[in-house]
Amino acid sequence: MTHTKVILLACGSFNPPTFMHLRMFELARDHLNRLGRYQVIGGIVSPVHDDYGKKELISSTHRVSLLRLALQDSDWIFLSDWEVNQKSWVRTRLVLQHHQNKLNMYASELGSNKRHLDADVPEWVAHAQKYCAGSNCGVVVKLLCGGDLLDSFNSPGLWLKEDIESLIGDHGLAVVTRAGSDSYKCIYESDLLSKHQNNIVVVTEWIANEISSTKIRRALRRGESVKYLLPPDVIDYIKNNGLYSSSIDNKYQLFANSTSALTPSPNDIIMTLDVPDSSGNYNSPSHQLQNALAELPPASSSSPTTLESKRARPGHAVAMRKVHLGSRETDLETVGEVTDEEKETRVEIQITEDGTIRVISDKETTV
């Protein structure tokens, strides 16, 4: 059986390149090769031109350098800087056509025994020529993309019809599924996509990988670790060049003396709250937290308890309890230092980003 030789080309910002971008190539190659109709012989990464104007898009000079570092361990995926070196932004269809034409041209020269300098041959072309027999190369450049890009084909006014027709009809797509997208439904709902559905290969990502460049940039802005999300050399380059405000080393240290701290993730927000012991009347899981606080009995008749509460929101204390214990007054932060005679049951509460308060105790109590 004859196999169609394929080079996978991915367009995008790669701002920054992540392990997810690299995994898409591996997933698509495995899937296409298993189908028995294709032989994937190479991959190309083409970063978008600076004029694309996407928010937070850093210079292509940096993005190209980051991609070189990300791809240095791959023996079949290569960088193409043709797109970023054009005078302005280039449509995706033209990017694929350029690389297909370039491949065809060099294959023709190879078959005609025309000589050309190695320096003139892009790395990805030299790699593809290893799989070609003279001018009978027959390599097709297919667009590698995520399910979200396929969904965008159905957005009115976003793509030119002739571009979609060429991308799918002349080249073909390898679509890696993404959470929240249904590629088969997307194809079904479009007459144009259905027309060329035999040229659309949907690759199911069974091991979900939801790493996104947007979330990576957010983590870097906040000084959070991105280790194991990006290649180590990519991380070093980002830090050494101060990209994405990555000079922040520690979000907690930076805001240690500030009341307007950066909003931590939900798991960061854990507080300790005092409640009555098992003999008290207000430790039932069915009580709302505010009601339980308001009805807490005093520690003793001679040492009344004063309660203060604040509206819950991520990153801020939900409630403050000031307790008069004998002759001294204490609060939420120091109540753990009470003596055995004054000891009360303690539970931990966790605040999620939507303001929900979860009480973590021996009983699985959710407030």
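Details of the structure are given in the entry above.
Predicted, not measured: the structure shown is a model, and the values here were computed from it.

Undergrad: Explanation requested: the packing of aromatic side chains in the structure shown.
TA: Between two aromatic rings, the relevant description is the distance of the centres plus the angle of the planes. Enumeration according to the criterion identifies three aromatic pairs in this entry. Here Tyr52 and Trp89 contribute two aromatic rings whose centre-to-centre distance is 6.2 Å and whose plane-to-plane angle is 35°, an arrangement assigned as tilted. Placement of Tyr52 in the loop between strand E2 (38-47) and helix H2 (60-71) and of Trp89 in the loop between strand E3 (77-79) and helix H3 (92-111) is noted, with a sequence separation of 37 residues between them. Overall, Tyr52 belongs to the partly exposed group, its relative accessible area being 42%. Ring geometry for Phe153 versus Trp159: centroids 4.8 Å apart, planes at 85°, classification edge-to-face.

Undergrad: Even after reading the chapter, I still don't get the nonpolar core, so can you show me in this structure?
TA: One recurring pattern in soluble globular proteins: nonpolar side chains tend to sit buried together. One finds Leu8, Phe25, Leu32, Leu66, Leu144 and Ile238 to be the most contacted residues of the largest nonpolar core, which totals 41 residues. Counting 34 residues, the second-largest nonpolar core is a separate cluster that includes Ile41, Val95, Leu173 and Val202.

Undergrad: Even after reading the chapter, I still don't get the packing of H2 against helix H10 (residues 232-240), so can you show me in this structure?
TA: Axes are the key here: two packed helices are described by the angle between their axes and the distance separating the axes. Running from N to C, H2 and H10 point in directions that differ by 155°, and their axes come no closer than 8 Å. Between H2 and H10, the interaxial angle falls into the category roughly antiparallel. Crossing of H2 against H10: the hand is right-handed. Where H2 approaches H10, its residues His62, Ser65, Leu66, Leu69 and Ala70 are matched on the opposing element by Asp233, Val234, Tyr237 and Ile238. The residue makeup of the contact of H2 with H10, split by class, is six nonpolar, two polar and one charged.

Undergrad: Sorry if this is basic, but what is going on with the sheet that holds strand E1 (residues 4-12) here?
TA: Hydrogen bonds along the backbone pair up the strands of a sheet, which may run parallel or antiparallel. With parallel pairing, the six strands of this open sheet are ordered in space as E3-E2-E1-E4-E5-E6. Both outer strands of the open sheet, E3 and strand E6 (200-203), are each paired with one neighbouring strand and no more. Across the sheet, the axes of successive neighbouring strands diverge by a mean angle of 25°, strand direction being ignored. Across three bridges, the pairing between E2 and E3 is parallel. Opposite Val45, over in E3, you have Leu79 as the bridge partner. Relative to the sheet, H2 contacts E2 and E3, its axis offset from that of E3 by approximately 160°.

Cut-offs applied
- Residues numbered from 1 in each chain as written.
- Predicted model: local features only at pLDDT ≥ 70, side-chain atom pairs only at ≥ 80, totals over all residues.
- Heavy atoms only, no water.
- Phe/Tyr/Trp six-rings, centres within 6.5 Å; stacked < 30°, edge-to-face > 60°.
- Helix = DSSP H or I, 4+ residues; strand = E, 2+ residues; numbered from the N terminus.
- Buried < 20%, exposed > 50% of the residue type's maximum accessible area, 1.4 Å probe, protein only.
- Core = buried A, V, L, I, M, F, W, Y, C linked by side-chain atoms within 4.5 Å.
- Axes fitted to C-alpha atoms, helices over the stretch in contact; angles between N-to-C directions.
- Parallel < 35°, antiparallel > 145°, perpendicular 65-115°, else oblique.
- Left-handed = near helix turned anticlockwise from the far one by under 90°.
- Contact = heavy atoms within 4.5 Å.
- Nonpolar A, V, L, I, M, F, W, Y, C, P; charged D, E, K, R; others polar.
- Pairing = 2+ DSSP bridges.

By themselves, these figures tell us nothing about what the structure is for.
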